[in-house]
Amino acid sequence: MIMMVRKAGSLQTRLFLVFFLSLAILPLIYDSRSLYILCTQIFIFAIFAMSYDLLLGYTGIVSFGHGMFFGIGAYSVAIFMKNFGATTGNFLFGILVAVVIAAIISYAIGMLSLRLKSHFYAMLTLAVSQLLFVVAEKWRSLTAGGDGFTFSVPDFIRDRFSFYYVCLLAMIVLFFVLRHFVQSPLGKVLKAIGQNEQRAEALGYQIINYKVIVSVVAGVIAAISGGLYAGMLRFVNTTVFSIEITLDALLMTMIGGIGTLFGSILGSGVVEIAHDGLTSLAKVHPIFERWIIFMGLLYIVVVLIFPSGITGSFNNWLEQRKKVRMQQKEIQMEEAGKKAG
Amino acid sequence: MDVIINLLVNGLATGMLIFLLAAGLTLIFGLMSVLNFAHGGLFAWGAFGGVWIFGLTGSFLLSMAGAIVIGMLIGLILERFLIRPVYGDHIQQLLVTLGGMLVLSELLKVFWSPNPIPAAVPSYLQGSFDFGGIILIKYRLFVILVGVLIYIALHLLLTKTRLGLIVRAGVIDKEMVQALGINIKQVFTFVFLLGAGMAALGGSLLAPYSGVIFAEMGMQYAILAFIVVIIGGMGSVPGSAVAALLVGVLGSFMAYFVPELSLAVNMLLMLFVLLVKPSGLFGAKG
């Protein structure tokens, strides 16, 4: 049994490697600036969605303000680049500062609300993220308010081709790091909490500690993705704190499939490509400018009918098929046995 | 002195509007354990629907009634098709009602426009009263009056009628109510529609009050209502009334004296309540 699991694991890892390798070859065979930009955005949001998946998919925590960590990352990088010069060191330092701030805020929110029922965390994150939105709007000397500001970036970020690889690499590394995280004993406890909190508590786990840990990890990863996002745009304004950013993460993880990490990458691809496609249809009919409606309806359908998303549904289908085959085999063997008897 | 009275009236009027939103939220939560994130959408639809009907007919009473009808219709759809299928699963409920909110506020932008729309005050509520130097704006007093009437009506409904008795009993122990042979699902639907109607009424009252309406205001006020529900205690109508007035009055005073802190004060109040008494000032449920 253990051998089988290990084998399946390595097969999965190989499939992931093939997938990532083809993404790495893509810009070499298809040279298009708009494709680079679209893919870079997909990678960045995939990182963000993976961090959300840790909360929602693995531990069953609902956050409606996860975008605030994304915004913290974006603003931190932007402010460092603008005020201290466009060097790689400042870029990394900006991300580091964002990581520290995100860790502090997520720790505080977690300690306050994760003791209570799930909706408290959802409400508190929503409220804090709105507060940060207002702060970004009002603290004009630092953030230039809703108008935002542009800034220059080092060459490796400026160049679409090289930044494609930076983001791809970041996504791959974080994917494997997070996969290791959720497969570790700590990750197993998180899953247990997600499936049955009372049971996990009865087994002697101090639930609150695990929940706070995952909330901090998710906040930190989201801050990194926000920093990359600011680097890509070379511009930041208050929209990075808007509720739409959180909704993006929610859509991506739900559509791709919660609790799989890889689903977040798929979901990010689906949502970003759909966004791109639907907004370009706006010339056909103005309703496509409101592409969020289609995404919202799709999201509702997913929540109600396919709560396990693309990857989850695919896995279920595979398992179902396996079961049916096993049964058929058993029936055949029984029949063969009868004939022989 | 007149400044203080004016600020108090402003705060009470805003508090009443938040109360209309929060009362439904807290009742729905208390009875069904559903945290309805689409509630702000109903509020915004009430505002847009009210302004639209006011523009068509010119009658403010009709526009309020119309807003309530619109809110209840949307509430009926939400309850039937979004909340009922996932009843009992908290995470799915949170997720699906947020999806409802998303679609509702985007639909507003499709039907009207993404740009803010001006809203007029009906002629007989324009202007102000002058009480010996203290000038009070008529419309604000009107909002307070409506809020008080709704609170009294809600209070009577909950304490004097059989239905209210069932609702209150359901908040305390819904299994027991069900065991007594009462179809609790029908009561859920009723309470949800009641909450939806109040939210839409709140929206239609807000429109002339703020003078301009936009799709995102649903979320803005919903956040205030969430804060109020946490402070007042989930499931408690008097709690949300007190908390709404507190938030409204504090907000209006802070906006005048220390504008930088006006939003932070609500947050700090909520954090304080979460730290000291997570079940809220009047709440029984934690």
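Quick caveat, the model's predicted, so the values are computed rather than measured. (Residues numbered from 1 in each chain as written. Chains lettered and ligands numbered in written order. Predicted model: local features only at pLDDT ≥ 70, side-chain atom pairs only at ≥ 80, totals over all residues. Heavy atoms only, no water.)

Colleague: Provide a residue-level description of the overall build of chain B, including the pertinent values.
Modeller: Across its full length, chain B holds 11 helices and four strands. Seen through its C-alpha atoms, chain B measures out along the principal axes to roughly 60 × 45 × 35 Å. Considering chain B as a whole, with its 286 residues, one finds that 57% of them fall into the buried category. Counted over contacts in chain B with a minimum sequence separation of 6, partners at least 24 positions apart contribute 77%. As displayed, chain B has an accessible area near 11,600 Å², and 72% of this comes from carbon and sulfur atoms. Looking at chain B, you have 12 positive and 9 negative side-chain charges, and the mean spots of the two groups are 12 Å apart. (Helix = DSSP H or I, 4+ residues; strand = E, 2+ residues; numbered from the N terminus. Buried < 20%, exposed > 50% of the residue type's maximum accessible area, 1.4 Å probe, protein only. Contact = heavy atoms within 4.5 Å. Areas by Shrake-Rupley, 256 points an atom, 1.4 Å probe, with all protein chains shown as cover. Lys, Arg positive; Asp, Glu negative; His and termini not counted. Charge placed at Lys NZ, Arg CZ, Asp CG, Glu CD.)

Colleague: Run through the overall build of chain A, naming residues and quoting values.
Modeller: Per the secondary structure count, chain A includes 15 helices and two strands. The C-alpha radius of gyration computed for chain A amounts to 22 Å, which stays within 12% of the reference 20 Å derived for 341 residues, consistent with globular compactness. The principal-axis extents of the C-alpha atoms in chain A amount to approximately 90 × 50 × 40 Å. The 341 residues of chain A split such that 52% are buried. When contacts within chain A are restricted to residue pairs at least 6 apart in sequence, those whose partners lie at least 24 apart make up 77%. Split by element, the accessible area of chain A, about 16,500 Å² in all, is 66% carbon and sulfur. For chain A, the distance from the average position of its 26 positive side-chain charges to the average position of its 17 negative side-chain charges is 7 Å. (Rg over C-alpha atoms; globule rule 2.2 N^0.38 Å.)

Colleague: Account for the environment of Y87 of chain B, with residues named and values stated.
Modeller: Residues and elements named next belong to chain B. Here Y87 lies in the loop between α3 (60-83) and α4 (90-111). C-alpha of Y87 to C-alpha of V148: the two residues are 61 residues apart in sequence and 33 Å apart in space. In contact with Y87, other than residues within four places in its own chain, are M32, Q93, K174 and F188.

Colleague: Tell me about the nonpolar core, residues and numbers included.
Modeller: Soluble globular proteins tend to bury their nonpolar side chains together. F64, M171 and L250 of chain A together with F37 and L205 of chain B are the most contacted members of the largest nonpolar core, which has 213 residues in total. Apart from the residues within four sequence positions on either side, L250 of chain A is in contact with Y52, L56, F64 and Y299 of chain A together with L95 and L98 of chain B. (Core = buried A, V, L, I, M, F, W, Y, C linked by side-chain atoms within 4.5 Å.)

Colleague: Let's hear about the pairing of strand β3 (residues 134-137) of chain B: which residues, and what values?
Modeller: A regular strand carries its side chains on alternate faces of the sheet. All names here are of chain B. Alternating positions in β3 separate cleanly, I134 and L136 being buried on one face and I135 and I137 remaining unburied on the opposite face. The sheet contact formed by strand β2 (residues 128-131) and β3 spans four bridges and is antiparallel. Within the sheet, the bridge partner assigned to D130 lies in β3 and is I135. The turn linking β2 back onto β3 is made up of two residues, and G132 within it adopts a positive phi angle of 50 degrees. (Pairing = 2+ DSSP bridges.)

Colleague: Summarise helix α3 (residues 67-84) of chain A; cite the residues concerned and give the values.
Modeller: Residue and element names in this part refer to chain A. If you check α3, its first and last C-alpha atoms are 26 Å apart, about what 18 residues at 1.5 Å a residue would give, namely 26 Å. Within α3, 15 of the 18 residues are buried, which leaves it mostly tucked inside the rest of the structure. Positive backbone phi, at 100 degrees, marks G85, one or two positions downstream of α3. (Expected span 1.5 Å × (residues − 1).)

Colleague: Outline the environment of I134 of chain B, supporting the account with residue identities and numerical values.
Modeller: With respect to the helices, strands and loops of the structure, I134 of chain B is situated in strand β3. In this structure the C-alpha to C-alpha distance between I134 of chain B and T26 of chain B, which are 108 residues apart in sequence, comes to 36 Å.

Colleague: Mind laying out the interface of chain B and chain A, listing which residues take part and the relevant values?
Modeller: Listed per partner, the contact involves 37 residues of chain B and 35 residues of chain A. Together, the buried faces of chain B and chain A total about 3,400 Å²; carbon and sulfur atoms form 85% of this surface. It is L95, L102 and E106 of chain B that lose the most area in chain B upon contact with chain A, and together they represent 17% of the buried surface on that side. Summed over the shared surface of chain B and chain A, the number is zero salt bridges. Mapped by element, the contributors of at least two residues to the side of chain B that touches chain A are α3, α4, α9 (217-232) and α11 (262-276) of chain B. It is α4 of chain B that provides the largest number of residues to the side of chain B that touches chain A, a total of 15 residues. Considered class by class, the residues forming the side of chain B that touches chain A number 30 nonpolar, five polar and two charged. (Buried area = accessible area lost by both parts, 1.4 Å probe. Salt bridge = Lys/Arg side-chain N within 4 Å of Asp/Glu carboxyl O. Nonpolar A, V, L, I, M, F, W, Y, C, P; charged D, E, K, R; others polar.)

Colleague: Tell me what's going on with a nonpolar patch on the surface, and back it up with residues and numbers.
Modeller: Residues and elements named next belong to chain A. On the surface, a cluster of nonpolar side chains totalling about 650 Å² of accessible area is made up of L21, I25, L28, I29, Y30 and F161. The element contributing the most residues to the nonpolar patch is helix α1 (residues 2-29), with four residues. Locating F161 in the fold gives a position in helix α8 (residues 160-183). (Patch = residues over 30% accessible without salt bridge, like charges linked within 9 Å, V, L, I, M, F, W, Y side chains within 5 Å.)

Colleague: Any chance you could break down the packing of aromatic side chains for me, citing the residues and the numbers?
Modeller: Residues and elements named next belong to chain A. Across all of its chains, the model carries 40 aromatic pairs over all chains by this definition. Judged by centre distance (6.0 Å) and plane angle (75 degrees), the ring pair of F20 and F176 falls under edge-to-face. Highlighted residues: F20 in helix α1 and F176 in helix α8, separated in sequence by 156 residues. Looking at F20, the relative accessible area reads 3%, which means it is buried. (Phe/Tyr/Trp six-rings, centres within 6.5 Å; stacked < 30°, edge-to-face > 60°.)

Colleague: Describe the pattern of salt bridges, listing the residues and the values that go with them.
Modeller: Tallied over the full model, the rule gives five salt bridges over all chains. Between D147 of chain A and R140 of chain A there is a salt bridge; the shortest N-O distance is 3.2 Å. The exposure class of D147 of chain A is exposed, given its relative accessible area of 55%. Between K109 of chain B and E216 of chain B there is a salt bridge, with the nearest N and O atoms lying 3.2 Å from each other. Taken together, the positions of K109 of chain B in helix α4 and E216 of chain B in the loop between β4 (212-213) and α9 put the pair 107 residues apart, joining distant regions of the chain. Judged by relative accessible area, which is 11%, K109 of chain B ranks as buried. Judged by relative accessible area, E216 of chain B falls into the partly exposed class, the value being 39%.

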